[in-house]
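Listed here are the chains, written in short residue letters.
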Amino acid sequence: MTIRPARPADLPRLQEIETAAGEAFRTLGMPEIADDAPPPLATLEHHRREGLAWVFTTPPDDTPVAYLLADRTDGNLHIEQVSVHPSHARRRLGRALIDHAAHQARTEGARALTLTTFTEVPWNAPYYARLGFEEFPAPELPPGLREIRAREAAAGLDRWPRLVMRREL
């Protein structure tokens with residue numbers, strides 16, 4: 001298996017991964033999240049062009065089975081999305097992608113990785129805590145992260161408890 005930058009031809013597959021991975025939210029009583037549309041191709045292409053979209057692929061056909069999207073925010077690398085296709089879950093692919101993003105962030109001189117996540121979803125905040133992320137208290141959020149949280153609230157994501165997390169590099 002390989003982590004590599006996403007290619008234009010991968011982008012529809014990333015949408016498929018997102019849709020498949022989202023189904024797990026249905027079992028938690030979060031059908032709105034399960035039914036949420038995957039990122040548009042234009043959004044995926046933006047991340048790809050910025051060099052902030054990586055895929056985990058499997059041989060022999062190099063098909064993506066997981067992906068990570070990031071943004072540069074407040075001098076850090078902000079993980080926008082990590083998704084693993086259910087057929088490849090529990091193989092530490094998400095962890096490998098996050099470690100890859102951390103390496104990229106260090107290379108760019110970032111001080112931390114950040115992300116926003118649901119607090120009560122087992123594969124969200126509790127998982128990220130196991131990977132070394134800690135809660136970033138709301139009063140301490142820099143402008144970029146405050147803006148991200150405001151967009152999430154406007155999109156209705158605050159219907160479920162959320163928080164910002166940070167992993168120092």
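Residues numbered from 1 in each chain as written. Predicted model: local features only at pLDDT ≥ 70, side-chain atom pairs only at ≥ 80, totals over all residues. Heavy atoms only, no water.

Enquirer: Please clarify how the pattern of salt bridges should be interpreted in this entry.
Expert: Side-chain pairs of opposite charge can arise whenever the charged atoms involved come near each other. Enumeration over the complete set of coordinates arrives at 17 salt bridges. The shortest N-O distance in the salt bridge between Arg151 and Glu147 comes to 2.9 Å. Linking Arg151 with Glu147, this pair stays in helix 6 (residues 143-154), spanning four residues, or about one helical turn. Note on Glu147: relative accessible area 49%, which makes it partly exposed. Across the pair Glu168 and Arg166 runs a salt bridge, and its minimum N-O distance is 3.0 Å. Glu168 sits in the exposed class, given a relative accessible area of 53%. Here Arg166 falls in the partly exposed class, since its relative accessible area comes to 24%. (Salt bridge = Lys/Arg side-chain N within 4 Å of Asp/Glu carboxyl O. Helix = DSSP H or I, 4+ residues; strand = E, 2+ residues; numbered from the N terminus. Buried < 20%, exposed > 50% of the residue type's maximum accessible area, 1.4 Å probe, protein only.)

Enquirer: Is there a simple way to explain the packing of aromatic side chains in this structure?
Expert: The relation between two aromatic rings is expressed through the spacing of the ring centres and the mutual angle of the planes. Counted according to the given criterion, the structure contains five aromatic pairs. Here the aromatic rings of Phe25 and Phe118 are separated by 6.0 Å at their centres, their planes lie at 65°, and the arrangement is edge-to-face. Taken together, the residues Phe25 in the loop between helix 1 (11-22) and helix 2 (31-34) and Phe118 in strand 5 (residues 112-118) connect sequence positions 93 residues apart. For the pair Phe25 and Phe118, a shared accessibility class is recorded, and that class is buried. Centre to centre, the rings of Phe118 and Trp160 are 6.0 Å apart; their planes meet at 90°, and the pair counts as edge-to-face. (Phe/Tyr/Trp six-rings, centres within 6.5 Å; stacked < 30°, edge-to-face > 60°.)

Enquirer: I would appreciate a short explanation of the nonpolar core in the present structure.
Expert: Most often, soluble globular proteins have nonpolar side chains that are buried together. In terms of nonpolar packing, the biggest core is built from 25 residues, with Leu68, Ile98, Leu113 and Phe133 touching the most fellow members. Each residue touching Leu113, except ones within four places of it in the same chain, is listed here: Leu77, Ile79, Ile98, Ala101, Ala102, Ala105, Phe133, Met165, Arg166, Arg167 and Leu169. (Core = buried A, V, L, I, M, F, W, Y, C linked by side-chain atoms within 4.5 Å. Contact = heavy atoms within 4.5 Å.)

Enquirer: Could you clarify how one ought to interpret the sheet that holds strand 7 (residues 162-168) in this entry?
Expert: Through backbone hydrogen bonds, the strands of a sheet pair up, either in parallel or in antiparallel fashion. Spatial strand order, 1-2-3-4-5-7-6: seven strands in an open sheet with mixed pairing. Each of the sheet's edge strands pairs with one partner strand only, and the pair in question is strand 1 (2-5) and strand 6 (134-135). By the bridge criterion, four bridges tie strand 1 to strand 2 (residues 53-58) in an arrangement that is antiparallel. Note that in strand 2 the partner of Thr2 across the bridge is Thr57. Its contacts with the sheet place helix 3 (residues 41-49) against strand 2, strand 3 (63-73) and strand 4 (76-84), and it is angled at close to 75° to strand 3. (Pairing = 2+ DSSP bridges. Axes fitted to C-alpha atoms, helices over the stretch in contact; angles between N-to-C directions.)

Enquirer: Honestly, unusual backbone geometry in this entry has me stumped. Any pointers?
Expert: Keep in mind that most residues, glycine aside, have a negative phi and that most peptide bonds are trans. The omega torsion across Pro59 and Pro60 is 0°, close enough to zero to call that bond cis. By the secondary structure assignment, Pro60 is in the loop between strand 2 and strand 3. Look at Asp62: it is not a glycine, yet its phi comes out positive at around 65°. Its location among the elements puts Asp62 in the loop between strand 2 and strand 3. In the Ramachandran plot, Arg90 falls in the positive-phi region, its phi being about 65° despite a non-glycine side chain. For Arg90, the position within the fold is in the loop between strand 4 and helix 4 (93-108). The exposure class of Arg90 is exposed, given its relative accessible area of 87%.

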